[in-house]
Amino acid sequence: MAHTKSGGSTKLGRDSQSKRLGVKIQDGQNVMAGQIIIRQRGTKYLPGANILRGRDDTLYAAQNGRVRFSTKNKTKFDGSRRKITVVAVALA
(Lines give C-alpha, C1' and ligand atoms only; values in the text may rest on other atoms or scores of the structure.)
Protein backbone atom coordinates (compact mmCIF):
# COMPACT_ATOMS: atom_id res chain seq x y z
CA MET A 1 0.00 0.00 0.00
CA ALA A 2 1.32 3.38 -0.96
CA HIS A 3 0.44 5.87 1.75
CA THR A 4 1.03 9.59 1.73
CA LYS A 5 1.20 11.37 5.06
CA SER A 6 -1.54 13.99 5.32
CA GLY A 7 -0.40 17.60 5.18
CA GLY A 8 -2.32 18.66 8.32
CA SER A 9 -2.97 22.17 9.55
CA THR A 10 -0.69 24.34 11.63
CA LYS A 11 -1.48 26.81 14.41
CA LEU A 12 1.54 28.94 13.56
CA GLY A 13 2.23 31.21 10.61
CA ARG A 14 0.27 34.36 11.48
CA ASP A 15 1.49 37.72 12.60
CA SER A 16 -0.26 41.02 13.23
CA GLN A 17 0.52 44.26 11.43
CA SER A 18 2.75 46.66 13.36
CA LYS A 19 0.77 49.59 14.74
CA ARG A 20 3.44 52.30 14.23
CA LEU A 21 3.19 53.61 17.78
CA GLY A 22 5.42 56.29 19.30
CA VAL A 23 6.24 59.98 19.24
CA LYS A 24 5.49 61.54 15.85
CA ILE A 25 6.44 65.17 16.63
CA GLN A 26 9.43 65.96 18.84
CA ASP A 27 9.91 68.63 21.52
CA GLY A 28 10.26 72.12 20.06
CA GLN A 29 8.70 71.32 16.68
CA ASN A 30 5.75 73.31 15.36
CA VAL A 31 2.37 71.60 15.14
CA MET A 32 -0.96 72.44 13.53
CA ALA A 33 -4.36 71.85 15.13
CA GLY A 34 -5.53 68.26 14.73
CA GLN A 35 -2.06 66.86 14.04
CA ILE A 36 -1.11 63.62 15.81
CA ILE A 37 1.72 64.09 18.31
CA ILE A 38 1.91 60.64 19.96
CA ARG A 39 0.32 57.26 19.21
CA GLN A 40 0.30 55.08 22.33
CA ARG A 41 -1.42 52.24 24.13
CA GLY A 42 -2.34 53.39 27.61
CA THR A 43 -1.26 56.78 28.92
CA LYS A 44 2.53 56.66 28.93
CA TYR A 45 2.39 60.37 28.04
CA LEU A 46 -0.34 62.53 29.61
CA PRO A 47 -2.08 65.41 27.82
CA GLY A 48 -1.32 68.94 28.99
CA ALA A 49 -2.41 72.36 27.75
CA ASN A 50 -3.94 72.46 24.25
CA ILE A 51 -3.74 68.67 23.84
CA LEU A 52 -6.66 66.30 23.25
CA ARG A 53 -6.65 62.56 23.99
CA GLY A 54 -8.38 60.24 21.52
CA ARG A 55 -10.34 57.08 22.33
CA ASP A 56 -7.24 54.95 21.67
CA ASP A 57 -5.07 57.25 23.89
CA THR A 58 -3.58 59.06 20.87
CA LEU A 59 -2.54 62.64 21.69
CA TYR A 60 -3.58 65.38 19.24
CA ALA A 61 -2.86 69.10 19.07
CA ALA A 62 -5.93 71.21 19.86
CA GLN A 63 -4.34 74.44 18.55
CA ASN A 64 -1.39 75.57 16.46
CA GLY A 65 1.84 76.08 18.37
CA ARG A 66 5.07 74.46 19.53
CA VAL A 67 5.21 71.05 21.23
CA ARG A 68 6.67 70.95 24.75
CA PHE A 69 7.50 67.87 26.85
CA SER A 70 7.88 68.20 30.62
CA THR A 71 8.13 65.84 33.57
CA LYS A 72 6.48 66.04 36.96
CA ASN A 73 5.84 63.79 39.94
CA LYS A 74 2.39 62.29 40.24
CA THR A 75 1.11 60.92 43.55
CA LYS A 76 -1.02 57.79 43.28
CA PHE A 77 -3.95 56.98 45.57
CA ASP A 78 -1.80 54.71 47.74
CA GLY A 79 0.67 57.54 48.36
CA SER A 80 3.42 56.24 46.07
CA ARG A 81 4.90 58.59 43.49
CA ARG A 82 6.02 58.19 39.90
CA LYS A 83 7.48 60.48 37.26
CA ILE A 84 5.16 61.24 34.38
CA THR A 85 5.77 62.99 31.05
CA VAL A 86 3.26 65.68 30.13
CA VAL A 87 2.89 66.89 26.54
CA ALA A 88 1.63 70.42 25.90
CA VAL A 89 1.35 72.86 23.00
CA ALA A 90 2.68 76.35 23.69
CA LEU A 91 0.84 78.91 21.57
CA ALA A 92 3.02 80.74 19.10
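Procedures and definitions
- Residues numbered from 1 in each chain as written.
- Predicted model: local features only at pLDDT ≥ 70, side-chain atom pairs only at ≥ 80, totals over all residues.
- Heavy atoms only, no water.
- Phe/Tyr/Trp six-rings, centres within 6.5 Å; stacked < 30°, edge-to-face > 60°.
- Helix = DSSP H or I, 4+ residues; strand = E, 2+ residues; numbered from the N terminus.
- Buried < 20%, exposed > 50% of the residue type's maximum accessible area, 1.4 Å probe, protein only.
- Core = buried A, V, L, I, M, F, W, Y, C linked by side-chain atoms within 4.5 Å.
- Contact = heavy atoms within 4.5 Å.
- Salt bridge = Lys/Arg side-chain N within 4 Å of Asp/Glu carboxyl O.
- Polar contact = N/O pair within 3.5 Å; in protein donor to acceptor, adjacent residues only side chain to side chain.
- Pairing = 2+ DSSP bridges.

Visitor: When you look at the packing of aromatic side chains in this model, what are you seeing that I'm missing?
Guide: Working definition: an aromatic ring pair is given by the centre-to-centre distance plus the angle between the planes. Counted under the stated rule, the structure contains one aromatic pair. Judged by centre distance (6.0 Å) and plane angle (80°), the ring pair of Tyr45 and Phe69 falls under edge-to-face. Of this pair, Tyr45 sits in strand S4 (residues 45-47) while Phe69 sits in strand S7 (residues 65-75), and the two are 24 residues apart along the sequence. The exposure class assigned to Tyr45 is buried, which follows from its relative accessible area of 18%.

Visitor: I keep staring at the nonpolar core and nothing clicks. Help me out?
Guide: In globular proteins that are soluble, nonpolar side chains generally tend to be buried together. Core analysis: the largest hydrophobic core is formed by 11 residues, namely Ile25, Val31, Ile37, Ile38, Tyr45, Ile51, Leu59, Ala61, Val67, Val87 and Val89. For this core, the elements supplying multiple residues, two or more each, are strand S3 (36-39), strand S6 (59-61) and strand S8 (81-90). Excluding residues that lie within four positions of it along the chain, Val31 makes contacts with Ile25, Ile37, Ala61, Gln63, Asn64, Gly65, Val67 and Val89.

Visitor: It is not clear to me how the pattern of salt bridges should be interpreted in this structure. Could you clarify?
Guide: Oppositely charged side chains may form a pair once their charged atoms are brought near each other. This structure, assessed with the given rule, holds three salt bridges. With a shortest N-O distance of 3.7 Å, Asp27 and Arg68 are connected by a salt bridge. Taken together, the residues Asp27 in the loop between strand S1 (22-23) and strand S2 (30-31) and Arg68 in strand S7 connect sequence positions 41 residues apart.

Visitor: It is not clear to me how the side chain of Asp57 should be interpreted in this structure. Could you clarify?
Guide: Along the chain, Asp57 falls in the loop between strand S5 (51-53) and S6. Side chain to side chain, Asp57 and Arg53 meet in a polar contact 2.3 Å long. Beyond its immediate sequence surroundings of up to four residues, Asp57 is in contact with Gln40, Arg41, Gly42 and Thr43.

Visitor: What am I meant to see in the side chain of Gln40 here?
Guide: Turning to its location among the elements, Gln40 is positioned in the loop between S3 and S4. Within the local environment of Gln40, its side chain forms a polar contact with the backbone oxygen of Asp57, the two atoms lying 2.9 Å apart.

Visitor: Just to check I follow, could you spell out the sheet that holds S2 for this structure?
Guide: Strands pair in a sheet through their backbones, by hydrogen bonds, and they do so in one of two ways: parallel or antiparallel. With mixed pairing, four strands are arranged side by side in an open sheet as S2-S7-S8-S4. Of all the strands in the sheet, the pair left with one neighbour each is S2 and S4. Sheet topology places S7 next to S8; 10 bridges connect them, and they run antiparallel. Counted as the bridge partner of Arg68 is Ala88 from S8.

Visitor: Please explain the pairing of S7 as it appears in this structure.
Guide: It is a general feature of regular strands that their side chains alternate between the two faces of the sheet. Alignment of S2 against S7, held across two bridges, turns out to be antiparallel. Paired with Asn30 across the two strands is Arg66, which belongs to S7. Between the antiparallel neighbours S7 and S8 lie five residues, among them Gly79 with a positive phi of about 95°.

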